[in-house]
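So you can see what is in the structure, the chains are spelled out below.
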Amino acid sequence: MTEEMIIAGFGGQGVLSMGKILAYSGIMEDKEVTWFPSYGPEMRGGTANVTVIVSDTRISSPILQVFDTAIILNQQSMDKFEKAVKPGGTLLYDPNGVIHPPTRTDINIFKVEATKTAVEMGNPKVFNMIVFGSYLKVRPILSLDNVEKGLEKSLPERYHKLIPLNLEAIKKGQEIVEDVQLV
């Protein structure tokens, strides 16, 4: 199994954190992983993306041009990465930051109302963990036990008290993901 993915959005949306947690969770499952961030000098508010590869076998390069999965959190990222999803691949997006939804018919598309759900949960900061949970529902490449270990490893100890809230958000994301079939 090899999962090559891009997570992209604005800085401050937890894009890099989501990728880091995914990578650490893969390590906890004894997988080979790469975490390759990309962001501009304006980081918070500017565009940011991270390429993550999780594999059962050795990874030859962290640099990718096409992806099995794309998690898209804003329109600029949709414009840039929708076409980079491999045919048969998966695209997840939050409609809050996307004006023009994806239109491809050769990929699996999932809508995640993460912004709305995070507000309903009373903590907009768990937005990225809701998206992460939706991803884990449609692409169950990691166990929830190892995701919890990945959270412990990637978050500074002073934030470990937030792990239960993050796990709750991940579970909520698994409940709300919506399959979008384009014909």
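Not measured: the values here are computed from a predicted model.

Visitor: Can you help me understand the environment of Ser134 in this one?
Guide: Tracing the chain through its elements places Ser134 in helix H4 (residues 127-138). Classification of Ser134 by relative accessible area gives buried; the value is 0%. Considering only alpha carbons, one finds Ser134 and Ala84, 50 residues apart in sequence, at a separation of 20 Å. Not counting residues within four places of it along the chain, the set of residues in contact with Ser134 comprises Leu92, Val112, Gly173, Gln174, Ile176 and Val177.

Visitor: Looking at this structure, I do not really get the side chain of Ser77. What am I missing?
Guide: Residue placement: Ser77 occurs in helix H2 (residues 75-81). Assessed through its relative accessible area of 4%, Ser77 is described here as buried. Looking at Ser77, its side chain comes within polar contact range of the main-chain nitrogen of Gly9, at 3.3 Å. The contacts of Ser77, once residues within four sequence positions are left out, are Ala8, Gly9, Ile72 and Glu82.

Visitor: When you look at unusual backbone geometry in this model, what are you seeing that I'm missing?
Guide: Negative phi values dominate among residues other than glycine, just as trans dominates among peptide bonds. Its identity as a non-glycine residue notwithstanding, Asp30 has a phi of 65°, on the positive side. Residue position: Asp30 is located in the loop between helix H1 (15-28) and strand S2 (32-39). Taking relative accessible area as the criterion, Asp30 reaches 73% and is therefore assigned exposed.

Visitor: Explain the pattern of salt bridges to me, please; I cannot follow it from the model alone.
Guide: A side chain with one charge may pair with a side chain of the opposite charge, provided their charged atoms come close. In total, this model carries seven salt bridges according to the counting rule given. Note that Glu3 is salt-bridged to Arg139, the shortest N-O span being 2.4 Å. Here Glu3, found in strand S1 (residues 2-10), pairs with Arg139, found in the loop between H4 and helix H5 (144-154); they are 136 residues apart in sequence, far enough to count as distant. Between Arg104 and Asp106 there is a salt bridge; the shortest N-O distance is 2.9 Å. Each of Glu4, Asp68 and Lys86 takes part in a single network of salt bridges with overlapping partners.

Conventions and cut-offs
Numbering of residues begins from 1 in every chain and follows the order in which that chain's sequence is written. Per-residue local features of the predicted model are confined to residues with pLDDT of at least 70, and side-chain atom pairs are confined, for both listing and counting, to 80 or more; whole-chain, interface and lining totals are unaffected and use all residues. Processing note: side-chain calculations cover all non-hydrogen atoms of the structure and skip hydrogens and water entirely. A helix here means a DSSP run of H or I that spans at least four residues, while a strand means a run of E at least two residues long, and both kinds are numbered starting from the N terminus. Exposure categories follow from relative accessible area, calculated using a 1.4 Å probe and restricted to protein chains: below 20% of the type maximum is buried, above 50% is exposed, and the middle band is partly exposed. For this analysis, residues touch if any pair of their heavy atoms sits within 4.5 Å. In protein, a polar contact means a hydrogen-donor-capable atom and an acceptor-capable atom, both N or O and within 3.5 Å, with residues adjacent in sequence counting only if both atoms are side-chain atoms; elsewhere, any N or O pair within 3.5 Å suffices. Counted as salt bridges are all cases of a side-chain nitrogen of Lys or Arg within 4 Å of a carboxyl oxygen of Asp or Glu.

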